[in-house]
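# Close look at the chain arrangement
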Amino acid sequence: GDAKPVSVSLTPEEELALQAIMSRRRKRGLANYSRSEVISDALWHYLTEVEKVPRDQIDIIVPELPDDGKRSNIKPFQKK
């Protein structure tokens, strides 16, 4: 997808909360128990439930990127 890696600093308590959510999801047999998925779900929940932004209005906040066929700026290394 269009996901980009970011750095996030968590307090020990926040790390425990994240680990607890990941563990509970894993025990329920859910596939979306990774750190990234839990944090992403938490952000979406905050945006839709706390900030009250409907998901169908997200495109207004974050306009769609033009599809120019150049989604990645990663270049392969040349073989020597």
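Anything mentioned here points back to the structure above.
Here's a quick rundown of the structure.

### Section: a positive patch on the surface
On the surface, a cluster of positive charge is contributed by Arg24, Arg26, Lys27 and Arg28. Along the chain, Arg28 falls in the loop between helix 1 (12-27) and helix 2 (35-50). On the accessibility criterion, Arg28 (51% relative accessible area) is exposed.

### Quick word on the packing of helix 1 against helix 2
Between helix 1 and helix 2, the shortest axis-to-axis distance is 10 Å and the interhelical angle comes to 105 degrees. Classified by the angle between their axes, helix 1 and helix 2 sit roughly perpendicular to one another. Contact residues: Glu15, Leu18, Gln19, Ile21, Met22 and Arg25 in helix 1; Arg35, Glu37, Val38, Ile39 and Asp41 in helix 2. Each residue belonging to the contact of helix 1 with helix 2 can be placed in one class, and the counts come to five nonpolar, one polar and five charged.

### Remarks on the layout of surface pockets
Roughly 200 Å³ of volume is contained in the second largest pocket. Around the second largest pocket sit Val8, Leu10, Glu14, Ala17, Leu18, Ile21, Val38, Ile39, Ala42 and Leu43, which together line it. For the lining of the second largest pocket, the secondary-structure elements that each account for two or more residues are helix 1 and helix 2. Looking at the lining of the second largest pocket residue by residue, the classes come out as nine nonpolar, no polar and one charged.

Analysis parameters
Residues numbered from 1 in each chain as written. Predicted model: local features only at pLDDT ≥ 70, side-chain atom pairs only at ≥ 80, totals over all residues. Heavy atoms only, no water. Patch = residues over 30% accessible without salt bridge, like charges linked within 9 Å, V, L, I, M, F, W, Y side chains within 5 Å. Areas by Shrake-Rupley, 256 points an atom, 1.4 Å probe, with all protein chains shown as cover. Salt bridge = Lys/Arg side-chain N within 4 Å of Asp/Glu carboxyl O. Lys, Arg positive; Asp, Glu negative; His and termini not counted. Charge placed at Lys NZ, Arg CZ, Asp CG, Glu CD. Helix = DSSP H or I, 4+ residues; strand = E, 2+ residues; numbered from the N terminus. Buried < 20%, exposed > 50% of the residue type's maximum accessible area, 1.4 Å probe, protein only. Axes fitted to C-alpha atoms, helices over the stretch in contact; angles between N-to-C directions. Parallel < 35°, antiparallel > 145°, perpendicular 65-115°, else oblique. Contact = heavy atoms within 4.5 Å. Nonpolar A, V, L, I, M, F, W, Y, C, P; charged D, E, K, R; others polar. 1 Å grid on protein atoms, 1.4 Å probe; cavity = no way out; pocket = protein on both sides within 12 Å on 5 of 7 lines; lining within 4 Å. Points joined across faces, edges and corners; volume = space filled by probe spheres on them.

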